[in-house]
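Inside the fold
As a plain string of letters, each chain reads:
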Amino acid sequence: MLFHVRMDVNIPDDLDPDVRADTVVREKAYSQDLQRSGKWPHIWRIVGEYSNYSIFDVESNDELHMLLSGLPLFPYMDIKVTPLATHPSDVNA
Ligand SMILES: O=C(O)C[C@H]1C=CC(=O)O1
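A brief structural summary. This is a predicted model, so every value here is computed, not measured.

Calculation rules
- Residues numbered from 1 in each chain as written.
- Predicted model: local features only at pLDDT ≥ 70, side-chain atom pairs only at ≥ 80, totals over all residues.
- Heavy atoms only, no water.
- Salt bridge = Lys/Arg side-chain N within 4 Å of Asp/Glu carboxyl O.
- Helix = DSSP H or I, 4+ residues; strand = E, 2+ residues; numbered from the N terminus.
- Buried < 20%, exposed > 50% of the residue type's maximum accessible area, 1.4 Å probe, protein only.
- Expected span 1.5 Å × (residues − 1).
- Arc of directions from axis to C-beta.
- Near = heavy atom within 4 Å.
- Polar contact = N/O pair within 3.5 Å; in protein donor to acceptor, adjacent residues only side chain to side chain.
- Areas by Shrake-Rupley, 256 points an atom, 1.4 Å probe, with all protein chains shown as cover.
- Contact = heavy atoms within 4.5 Å.
- 1 Å grid on protein atoms, 1.4 Å probe; cavity = no way out; pocket = protein on both sides within 12 Å on 5 of 7 lines; lining within 4 Å.
- Points joined across faces, edges and corners; volume = space filled by probe spheres on them.
- Nonpolar A, V, L, I, M, F, W, Y, C, P; charged D, E, K, R; others polar.

Taken as a whole and assessed by the stated rule, the structure comprises five salt bridges. The closest approach of N and O atoms between arginine 6 and aspartate 8, which form a salt bridge, is 2.9 Å. Across the pair arginine 36 and aspartate 33 runs a salt bridge whose closest N-O atoms are separated by 4.0 Å. Of the two residues, arginine 36 and aspartate 33 are both situated in helix H1 (residues 17-37); the distance of three residues between them amounts to about one turn of the helix. Aspartate 33 shares its class with arginine 36; the two are exposed. Shared partners join several salt bridges into a network, and the residues in it are Arg6, Asp8 and Glu49.

The subject of this paragraph is H1. Compared with an ideal rise of 1.5 Å per residue, which puts 21 residues at 30 Å, H1 spans 30 Å between its outermost C-alpha atoms and is within 8% of the ideal. Three or more residues of H1 are buried, namely Thr23, Glu27, Ser31 and Leu34. In an axial view of H1, the angular spread of the buried residues amounts to 65°, which keeps them on one side of the axis. What points out from H1, more than 90 degrees from its buried face, is the exposed set Pro17, Asp18, Val25, Lys28, Asp33 and Arg36.

Moving on to the site of the ligand. Around the ligand, the neighbouring residues are Val9, Glu27, Lys28, Ser31, Trp40, Ile43, Arg45, Tyr50, Asn52 and Met77. Take arginine 45: an N or O atom from its side chain is 2.7 Å from an oxygen atom of the ligand. One of the side-chain N or O atoms of asparagine 52 is found 2.8 Å from an oxygen atom in the ligand. Surface burial for the ligand is 88%, taken as the share of its 280 Å² of free accessible area covered by protein chains.

So, about the environment of glutamate 63. You can see glutamate 63 is positioned in helix H2 (residues 61-69). Residues glutamate 63 and lysine 39, 24 residues apart in the sequence, show an inter-C-alpha distance of 9.9 Å. When neighbours within four sequence positions are excluded, glutamate 63 is seen to be in contact with Lys39 and Val58.

This next bit is on the layout of surface pockets. Taken as a whole, the largest pocket holds about 270 Å³ of empty space. Taken together, 16 residues line the largest pocket, and the ones lying closest to its centre are Glu27, Ser31, Ile43, Arg45 and Asn52. Within the residue set of the lining of the largest pocket, elements represented by two or more residues are strand E1 (2-9), H1 and strand E2 (42-45). Per-element tally for the lining of the largest pocket: the top contributor is H1, with six residues. Within the lining of the largest pocket, the residues separate by chemical class into nine nonpolar, four polar and three charged.

Moving on, we come to H2. Each α-helix turn comprises 3.6 residues. Residues three or four places apart therefore point the same way. Inspection of H2 places Glu63, Leu64, Leu67 and Leu68 among the buried residues, and these make up the whole buried set. The arc enclosing the buried residues of H2, seen along the axis, measures out at 130°, which places them on a common side. The outward face of H2, more than 90 degrees from its buried face, is lined by the exposed residues Asp62, His65 and Met66. Packed against the buried residues of H2 are E1, H1, strand E3 (51-57) and strand E4 (77-84).

Have a look at this one:
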């Protein structure tokens, strides 16, 4: 199942700088592990924003929720999920 996910990151200004740095490092490792596994095949930065557009390829809504809620930055994110279906005009489908 494919999902389009928008993540907007809003880290509080008063978060301890060491906690912030550690969380961002852990976020990168978590994200890259999922990318290598094939569960998170695409990620793009949204120009001018601390946000990304991503594609997830998972087995279920529950799996996606588990993966997203495990993001180290999850407490500081607004996340919008859009389920994707095959377009009838897609020449690659
Ligand atoms: O920077 C972001 O967009 C937030 C998050 C998603 C992957 C990652 O490494 O950080």
